[in-house]
Protein chains: 2
Amino acid sequence: MMNSQQTIGIVGGGQLGRMLTLSALPLGFRVVVVDPSEDCPAAQVGAEQIKGDYYDEAALRKLAEQSDFVTIEIEHIDAKVLETLAAAGVKVNPAPPTIQMIQDKFAQKEFLAEAGVPVAPFAKLEGADDGAKLLQQFGGKMLVKTRTGAYDGRGNMVVASEQELAEALERFAGRKLYAEGFVTFEKELAIMAARGADGTVATYAVVETKHERNICVEVLAPAAVNTEVAAQAEAVAKQVAGHMQGAGVFGIEMFLTSSGKVLVNEIAPRVHNSGHWTMNGAHTSQFEQHIRAVAGLPLGDTALSVPAAAMVNILGEGNHPTKLTGLAEALAVPGVYVHLYGKTPTKVDRKMGHINAIGETVEEARDRARKARKELSI
Amino acid sequence: MMNSQQTIGIVGGGQLGRMLTLSALPLGFRVVVVDPSEDCPAAQVGAEQIKGDYYDEAALRKLAEQSDFVTIEIEHIDAKVLETLAAAGVKVNPAPPTIQMIQDKFAQKEFLAEAGVPVAPFAKLEGADDGAKLLQQFGGKMLVKTRTGAYDGRGNMVVASEQELAEALERFAGRKLYAEGFVTFEKELAIMAARGADGTVATYAVVETKHERNICVEVLAPAAVNTEVAAQAEAVAKQVAGHMQGAGVFGIEMFLTSSGKVLVNEIAPRVHNSGHWTMNGAHTSQFEQHIRAVAGLPLGDTALSVPAAAMVNILGEGNHPTKLTGLAEALAVPGVYVHLYGKTPTKVDRKMGHINAIGETVEEARDRARKARKELSI
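Computed from a prediction, not measured in an experiment: that's the story for all the values here. (Residues numbered from 1 in each chain as written. Chains lettered and ligands numbered in written order. Predicted model: local features only at pLDDT ≥ 70, side-chain atom pairs only at ≥ 80, totals over all residues. Heavy atoms only, no water.)

Engineer: Whenever I open this one, the overall build of chain A confuses me. Can you help?
Structural biologist: Assigned secondary structure in chain A consists of 12 helices and 17 strands. Relative to the globule expectation of 21 Å for 378 residues, the C-alpha radius of gyration of chain A, 20 Å, shows essentially globular dimensions. Projecting the C-alpha coordinates of chain A onto the three principal axes gives extents of approximately 60 × 50 × 45 Å. Within chain A, the proportion of its 378 residues that are buried is 61%. By element, 48% of the accessible surface of chain A is carried by carbon and sulfur atoms, the whole surface being about 14000 Å². Across chain A, the 37 positively charged side chains and the 45 negatively charged ones have centroids separated by 2 Å. (Helix = DSSP H or I, 4+ residues; strand = E, 2+ residues; numbered from the N terminus. Rg over C-alpha atoms; globule rule 2.2 N^0.38 Å. Buried < 20%, exposed > 50% of the residue type's maximum accessible area, 1.4 Å probe, protein only. Areas by Shrake-Rupley, 256 points an atom, 1.4 Å probe, with all protein chains shown as cover. Lys, Arg positive; Asp, Glu negative; His and termini not counted. Charge placed at Lys NZ, Arg CZ, Asp CG, Glu CD.)

Engineer: What should I look at first to understand the relation of the copies chain A and chain B in this one?
Structural biologist: Between the two copies of the chain lies a relationship made up of a rotation around an axis and a movement along it. Between the two copies, chain A and chain B, the superposition gives an RMSD of 0.0 Å; the rotation angle is 180 degrees and the shift along the axis is 0.0 Å. Between the two chains, the operation in question is that of a two-fold axis. A symmetric contact is evident, with 100% of the interface residues of chain A recurring at the interface of chain B. (Least-squares fit on C-alpha atoms with pLDDT ≥ 70 in both. Contact = heavy atoms within 4.5 Å.)

Engineer: Just to check I follow, could you spell out the sheet that holds strand E8 (residues 177-181) of chain A for this structure?
Structural biologist: Strand pairs in the sheet, formed through backbone hydrogen bonds, run parallel or antiparallel to each other. All names here are of chain A. Taken together, 4 strands build an open sheet; the order of strands is E5-E8-E6-E7 and the sheet is antiparallel. In the strand order of this sheet, the two ends are held by strand E5 (122-125) and strand E7 (156-159), each with one partner. Across the sheet, the axes of successive neighbouring strands diverge by a mean angle of 25 degrees, strand direction being ignored. As paired strands, E5 and E8 are joined by 4 bridges and run antiparallel to one another. Each residue of the ladder has a partner; that of Ala123, found in E8, is Ala179. Helix-sheet contacts for helix H7 (residues 162-171) involve E5, strand E6 (142-146), E7 and E8, and the interaxial angle to E7 is about 165 degrees. (Pairing = 2+ DSSP bridges. Axes fitted to C-alpha atoms, helices over the stretch in contact; angles between N-to-C directions.)

Engineer: I tried to follow the pairing of strand E17 (residues 351-359) of chain A on my own but got confused; where do I start?
Structural biologist: Residues and elements named next belong to chain A. Of all 9 residues in E17, 9 are buried, a share of seventy percent or more. Direction of pairing for strand E15 (residues 308-315) relative to E17: antiparallel, over a ladder of 8 bridges. Note that in E17 the partner of Ala308 across the bridge is Gly359. Two strands pair when backbone bridges link them, and strand E16 (residues 336-340) and E17 are joined in this way by 5 bridges, in the antiparallel orientation. Each bridged residue has a counterpart across the sheet, and for Val336 the counterpart in E17 is Ala357.

Engineer: I would appreciate a short explanation of the sheet that holds strand E6 (residues 142-146) of chain B in the present structure.
Structural biologist: Residues and elements named next belong to chain B. Taken together, 4 strands build an open sheet; the order of strands is E5-E8-E6-E7 and the sheet is antiparallel. Each edge of the open sheet is held by one strand with a lone partner, namely strand E5 (122-125) and strand E7 (156-159). Along the sheet, successive strands turn relative to each other by an average axial angle of 25 degrees, direction set aside. Alignment of E6 against strand E8 (residues 177-181), held across 5 bridges, turns out to be antiparallel.

Engineer: Mind showing me how you'd approach the environment of Ile378(A) here?
Structural biologist: The topology assignment puts Ile378(A) in the segment after helix H12 (362-375). Overall, Ile378(A) belongs to the buried group, its relative accessible area being 7%.

Engineer: Can you help me understand the packing of helix H3 (residues 79-87) of chain B against helix H4 (residues 96-103) of chain B in this one?
Structural biologist: When two helices pack together, their arrangement is given by the angle between the helix axes and the distance between those axes. All names here are of chain B. Between H3 and H4, whose axes approach to 9 Å, the crossing angle comes to 165 degrees. Viewed along their axes, H3 and H4 adopt a mutual orientation that is roughly antiparallel. Where H3 crosses over H4, the two elements pack in a sense that is left-handed. Here H3 contributes Ala79, Lys80, Leu82, Glu83 and Ala86 to the contact with H4, which in turn contributes Pro96, Pro97, Ile99, Gln100 and Gln103. Class assignment for the residues of the contact of H3 with H4 results in 6 nonpolar, 2 polar and 2 charged. (Parallel < 35°, antiparallel > 145°, perpendicular 65-115°, else oblique. Left-handed = near helix turned anticlockwise from the far one by under 90°. Nonpolar A, V, L, I, M, F, W, Y, C, P; charged D, E, K, R; others polar.)

Engineer: Help me out: how do you make sense of the interface of chain A and chain B in this one?
Structural biologist: Interface size is commonly expressed as the accessible surface area that is lost when the partners come together. Taken together, the contacts link 39 residues of chain A with 39 residues of chain B. Our enumeration of links across chain A and chain B arrives at 8 residue pairs in polar contact (both at pLDDT 80 or more). At the level of secondary structure, the elements contributing two or more residues to the side of chain A that touches chain B comprise helix H1 (15-24), helix H10 (286-294), helix H11 (327-331) and E16 of chain A. Ranked by residue count, the leading element in the side of chain A that touches chain B is E16(A), at 5 residues. Across the side of chain A that touches chain B, the residue classes tally to 22 nonpolar, 11 polar and 6 charged. (Polar contact = N/O pair within 3.5 Å; in protein donor to acceptor, adjacent residues only side chain to side chain.)

Engineer: Can you help me understand the side chain of Asp78(B) in this one?
Structural biologist: Residue and element names in this part refer to chain B. Here Asp78 is to be found in the loop between strand E4 (69-72) and H3. One buried charged residue, Asp78, forms no salt bridge at all, with the nearest opposite charge on Lys80 at 7.8 Å. In this structure the side chain of Asp78 is engaged in a polar contact, spanning 3.1 Å, whose partner is the backbone nitrogen of Val81. If we ignore the near neighbours within four places in the chain, the residues touching Asp78 are Tyr54, Tyr55 and Leu60. (Salt bridge = Lys/Arg side-chain N within 4 Å of Asp/Glu carboxyl O.)

Engineer: I keep staring at the pattern of salt bridges and nothing clicks. Help me out?
Structural biologist: Opposite charge on two side chains permits them to pair, given that their charged atoms come into close proximity. Taken as a whole and assessed by the stated rule, the structure comprises 34 salt bridges over all chains. Here Glu48(B) and Arg30(B) are joined by a salt bridge, their closest N and O atoms 2.8 Å apart. Separated by 18 residues along the polypeptide, Glu48(B) in strand E3 (residues 48-51) and Arg30(B) in strand E2 (residues 30-35) bring together distant segments of the chain. Classification of Glu48(B) by relative accessible area gives partly exposed; the value is 33%. When salt bridges that share partners are traced, they join Lys109(A), Lys145(A) and Glu180(A) into one network.

Engineer: Quick question: what am I supposed to make of the environment of Ala224(B) here?
Structural biologist: Residues and elements named next belong to chain B. Locating Ala224 in the fold gives a position in the loop between strand E12 (215-221) and helix H8 (227-243). Along the backbone, Ala224 and Val362 are 138 residues apart, and their C-alpha atoms lie at a distance of 8.2 Å. Beyond its immediate sequence surroundings of up to four residues, Ala224 is in contact with Lys187 and Glu208.

Engineer: Just checking my understanding: could you explain H4(B) for this structure?
Structural biologist: A turn of α-helix holds 3.6 residues, and therefore any two residues three or four places apart point the same way. All names here are of chain B. Burial analysis of H4 places 6 of its 8 residues in the buried class, the great majority of the element. Of all the residues in H4, the buried ones are Pro96, Thr98, Ile99, Met101, Ile102 and Gln103. Of the surrounding secondary structure, the elements contacted by the buried residues of H4 are E4, H3, helix H5 (105-114), strand E13 (248-257) and strand E14 (262-268).

Engineer: Explanation requested: the nonpolar core in the structure shown.
Structural biologist: Buried together is how nonpolar side chains tend to be arranged in soluble globular proteins. Core analysis: the biggest nonpolar cluster contains 127 residues, and Phe29(A), Trp277(A), Val338(A), Phe29(B), Trp277(B) and Val338(B) have the highest contact counts within it. Those residues in contact with Trp277(A) that lie beyond four places of it in its chain are Tyr204(A), Ala205(A), Val207(A), Val219(A), Ala221(A), Ala282(A), Leu304(A), Ala309(A), Met311(A) and Asn356(A). (Core = buried A, V, L, I, M, F, W, Y, C linked by side-chain atoms within 4.5 Å.)

Engineer: Even after reading the chapter, I still don't get the packing of aromatic side chains, so can you show me in this structure?
Structural biologist: Each aromatic ring pair is specified by the distance between its two centres and by the angle formed by the two planes. If you walk through the whole model with that rule in mind, you get 10 aromatic pairs over all chains. Seen in terms of ring centroids, Phe29(A) and Phe69(A) are 6.4 Å apart; in terms of plane orientation they differ by 85 degrees. Their pairing is edge-to-face. Placement of Phe29(A) in the loop between H1 and strand E2 (30-35) and of Phe69(A) in strand E4 (residues 69-72) is noted, with a sequence separation of 40 residues between them. We note that Phe29(A), like Phe69(A), is buried. Each ring, one from Tyr204(B) and one from Trp277(B), has its centre 6.2 Å from the other, and the planes form 85 degrees; the classification is edge-to-face. On the criterion of sequence distance, the pair formed by Tyr204(B) in the loop between strand E10 (201-203) and strand E11 (207-212) and Trp277(B) in the loop between E14 and helix H9 (278-281) is long-range, its members being 73 residues apart. (Phe/Tyr/Trp six-rings, centres within 6.5 Å; stacked < 30°, edge-to-face > 60°.)

This is the structure we're talking about:
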């Protein structure tokens, strides 16, 4: 260990914490993570681990004591504790009030709407009567969402009848809910935006994201959209990032509606799956960028370093001990980079790793990434 | 830890082992290193460490027991033990006889000369009379070198008089020696060549290397040489790699003489300082390439991913506890990537890290790397 080494503390040591660690260590930082899993993905690549839950106040306090800079890889954490720590002088980024606002999806939507950011129509949902009215108001189809604790589709339900409304209310009984008008979209878009300690905002290329079962499966960079749409998405991303507090990388997920309008779907106050392509397709990866931002270092170049890049997630296809096969075949595909997370066991739809591919065109990059993905089994 | 995970065993856990580890873990491998230093650079980024010397037979055997693939990050190791292990079925790459041949610089020169590879004139040096004859034969100036254990200039001495010859013989008393004609060179060049498990050879761009006090200080990729010289260097590198046994990345250091001829100076049977630029300037870094090669995976693309790249070493400038300053200033220089090795304490000329920079031209990349280096203190 270095003397006088600065320490980055991360709440969460999953794949995002792992890739943050892989970027932080070569910059001379020590990394400590709070994570409940034995030998978490970040610990496997040199982070020290404080074993504890993201809501474990003692663990979070211990993290802060050991860290010069505290950040998160997941927003489902105890933001109140982080706020107390920040008030006591700990450098926490992004700012705990921003994390807290984003945790509550309804508050997030209100925040965005108040800031003038285009979003789908939404409203608080307090009961069956309320729901029936909203269903009518939103044209007969809406999303019922839990306000907190939802990700990768957990906590979301599409509702198109009073019957389905009743099912949603039963499934989410006891949770605070809100409803959103169902947006028929052309494409899902995303932009990773970095906010430096001095408030400078740098955005990456707008990308197209594809989801299955509400999980991100594929990202194409840059998105095949016209310049007007790209400019709109970039402007919206900059607007959102400008309203965030504190430094860090933010993932801004958007819909492109059939009428060519960009609406913000949701924000992640952290590195995000839709930015994994930057590891091999941009001059600065989102992970190094986040470390730079939270440690008060200048932001790096966000430009594409290749004509096009694609990312395909490696999702578990069964429940069994992890066993990697097909790596040689995957790496035989030109322009392919494999990033595994060291998770075990394999579970259905568990994010086990991802494949990045580069190419002269998005189609070439996508085909390469898909081909490599097919060769791999884990 | 993954189940059924394959393990790469590396003899040596210094900066090269560290960067090999950083490439191996995302490909799903577990890494174990043998290294004598407490918390060695590779162990800091997730390698498991067997504490032991590179000549510690028990440690090397333990490494082999735990590993599916064994390789090296340093050639000053017990090649005999590796040969015994290879004979017993352990996959050791590159092949121990090749490592052993390279360990003995005189044997290396003989091997190259026999293979028809152009080298400077050289001869065994057995005593003062012998030396005087050679000094005359080589035109009054020669290098006296120890046959084994020499690196970064240790074990080399320039001799231009009988007085200096006597000094060299005294300094290296008891060591096996040889002498080499002193080559007046235009430039020093290097090529990293990868040899796949199937014997396929892939070479990286020819680069210019600069040394001070016999230590590599700067690398420029690609080298500013005409196409004829570049072709000559590439042909020589391919010839050398074709004669190596086993898989892996090899560093081939060359002189470009004032008459435009390329001579091989020496070979490293491993990743090498002159290939660090590939981390940010080539489609596949030398570290991932070496892992691919020794694990029997297909080789990656060796092409430059940018117009030009440069590497500047971060050498210690004093003897004191490690303390990094100036990182923000260094990262404010466009196109700069910082790679630190986690070593402590700082010592004069100790390799503490390196800076890579990319640019539109080699001059731009070099100026960026140098500027960033000046900002950093460690």
